[in-house]
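One-letter residues, chain by chain:
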Amino acid sequence: GNSVTQMEGPVTLSEEAFLTINCTYTATGYPSLFWYVQYPGEGLQLLLKATKADDKGSNKGFEATYRKETTSFHLEKGSVQVSDSAVYFCALSDLSSGSARQLTFGSGTQLTVLP
Amino acid sequence: ETGVTQSPTHLIKTRGQQVTLRCSSQSGHNTVSWYQQALGQGPQFIFQYYREEENGRGNFPPRFSGLQFPNYSSELNVNALELDDSALYLCASSLDSSYNSPLHFGNGTRLTVT
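Criteria and thresholds
Residues numbered from 1 in each chain as written. Chains lettered and ligands numbered in written order. Predicted model: local features only at pLDDT ≥ 70, side-chain atom pairs only at ≥ 80, totals over all residues. Heavy atoms only, no water. Helix = DSSP H or I, 4+ residues; strand = E, 2+ residues; numbered from the N terminus. Rg over C-alpha atoms; globule rule 2.2 N^0.38 Å. Buried < 20%, exposed > 50% of the residue type's maximum accessible area, 1.4 Å probe, protein only. Disulfide = S-S within 2.5 Å. Salt bridge = Lys/Arg side-chain N within 4 Å of Asp/Glu carboxyl O. Contact = heavy atoms within 4.5 Å. Polar contact = N/O pair within 3.5 Å; in protein donor to acceptor, adjacent residues only side chain to side chain. Nonpolar A, V, L, I, M, F, W, Y, C, P; charged D, E, K, R; others polar. Pairing = 2+ DSSP bridges. Axes fitted to C-alpha atoms, helices over the stretch in contact; angles between N-to-C directions.

(A) Local environment of the overall build of chain A. In terms of helices and strands, chain A carries zero helices and 13 strands. Traced from its N-terminal end to its C-terminal end, chain A shows the element sequence β-β-β-β-β-β-β-β-β-β-β-β-β. Taken over the C-alpha trace, chain A has a radius of gyration of 14 Å; the compact-globule value for 115 residues is 13 Å, and the two agree within 12%. Counting only C-alpha atoms and orienting by the principal axes, one finds that chain A spans roughly 45 × 30 × 20 Å. Across the 115 residues that make up chain A, the buried fraction comes to 46%.

(B) Here's a closer look at the state of the cysteines. Scanning the model with the defined rule gives two disulfides over all chains in all. The disulfide partner of A:Cys23 is A:Cys90, and the S-S distance across this bridge is 1.9 Å. Taking the sign of the S-S torsion, -70 degrees for the link of A:Cys23 and A:Cys90, the bridge is left-handed. Note that A:Cys23 is positioned in strand S4 (residues 23–26) and A:Cys90 in strand S10 (residues 86–95), a separation of 67 residues in sequence. Considered together, A:Cys23 and A:Cys90 belong to a single accessibility category, that of buried residues. Between the sulfur atoms of B:Cys23 and its disulfide partner B:Cys91 the distance amounts to 1.8 Å. Between B:Cys23 and B:Cys91, the disulfide has an S-S torsion of -60 degrees and is therefore left-handed. Linking B:Cys23 in strand S3 (residues 19–24) with B:Cys91 in strand S9 (residues 87–94), this pair joins segments that are 68 residues apart in sequence. Just as B:Cys23 is buried, B:Cys91 falls in that class too.

(C) Highlighting the pattern of salt bridges. Residues and elements named next belong to chain B. By the definition in use, this model includes seven salt bridges over all chains. A salt bridge links Arg57 to Glu54; the nearest nitrogen and oxygen atoms lie 3.3 Å apart. On the basis of relative accessibility, which here comes to 36%, the residue Glu54 falls in the partly exposed class. Between Glu82 and Arg63 there is a salt bridge whose closest N-O contact spans 3.3 Å. Of the two residues, Glu82 sits in the loop between strand S8 (74–78) and S9 while Arg63 sits in the loop between strand S6 (53–57) and strand S7 (64–68), which places them 19 residues apart along the sequence. On the accessibility criterion, Arg63 (17% relative accessible area) is buried. Within the structure, one salt-bridge network assembled from shared partners comprises Arg63, Glu82 and Asp85.

(D) Here's a closer look at the interface of chain B and chain A. Counting residues at the interface gives 24 residues for chain B, matched by 26 residues for chain A. Here chain B is connected to chain A by zero salt bridges. Summed over the shared surface of chain B and chain A, the number is four residue pairs in polar contact (both at pLDDT 80 or more). Those elements that place two or more of their residues in the side of chain B that touches chain A are strand S4 (31–37), strand S5 (44–50), S6 and S9 of chain B. Classifying every residue of the side of chain B that touches chain A gives nine nonpolar, 14 polar and one charged.

(E) Seen up close, the sheet that holds strand S1 (residues 5–7) of chain B. All names here are of chain B. Reading across from one edge, S1-S3-S8-S7 is the order of the four strands in this open sheet, with antiparallel pairing throughout. If you trace the sheet from one side to the other, it starts and ends with S1 and S7, each paired once. On average, each strand axis in the sheet is inclined to that of its neighbour by 20 degrees, with strand direction left out of account. Where S1 meets S3, three bridges bridge the pair, whose relative direction is antiparallel. Within the sheet, the bridge partner assigned to Thr5 lies in S3 and is Ser24.

(F) The arrangement of the sheet that holds strand S7 (residues 56–59) of chain A in detail. Residues and elements named next belong to chain A. The sheet built from four strands is open, its strands ordered S3-S9-S8-S7 with antiparallel pairing. Because the sheet does not close on itself, it has two edges, and the strands there are strand S3 (19–21) and S7. The sheet shows a mean angle of 15 degrees between the axes of neighbouring strands, direction not considered. The pairing of S3 with strand S9 (residues 75–77) spans three bridges and is antiparallel. Following the sheet pairing, Ile21 is matched in S9 by Leu75.

Here it is as structure tokens:
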């Protein structure tokens with residue numbers, strides 16, 4: 001079946017450091033890929049997405065490029081802020097039994113940014 | 001625009017009991033999905049409802065059941081609770097069930113089974 005593997009956490013960085021969180025996937029067909037962020041005590045918020053190979057998703061300084069040849073969708077940010085501290089989830093969109101679109105998530109990466 | 005709201009926020013139940021969790025979808029959204037997120041894990045798909053019909057299901061036993069109402073709000077019912085059902089239950093709504101329609105998540109219901 002489909003799966004998503006994320007870089008193990010936790011990750012601790014100083015403010016203004018460069019961030020990379022690795023994500024690779026296994027899927028049949030051509031899934032859409034997503035990054036979601038979860039702040040403490042809250043649900044998930046869509047951070048960015050890419051729907052086909054070589055697409056780059058970007059939002060709030062975060063970027064990720066859909067690489068079909070390496071089956072990867074790594075999240076990057078050039079300069080992190082304390083407010084970026086959260087758990088980040090990589091996910092792919094595929095079909096469940098039936099006709100529903102379901103998201104398959106990685107296990108999440110906890111990011112802590114220190115001032 | 002009102003987002004996705006879930007109730008209750010926290011719940012404690014005993015093994016063997018039954019529980020009902022509720023979700024109000026975002027205005028204009030006709031599709032609701034439910035996910036289970038165990039501590040330290042990513043969410044896992046339970047099922048999806050589109051226009052009051054279940055149209056997809058993940059790897060969860062039949063004691064997990066759901067309902068969607070004409071106003072597109074939804075319920076998740078779990079019978080015969082087990083300790084492993086302790087988790088954060090997330091509801092997500094989307095404009096429709098199409099492949100790229102973004103999911104909007106609620107803040108979840110934290111269920112503890114003792």
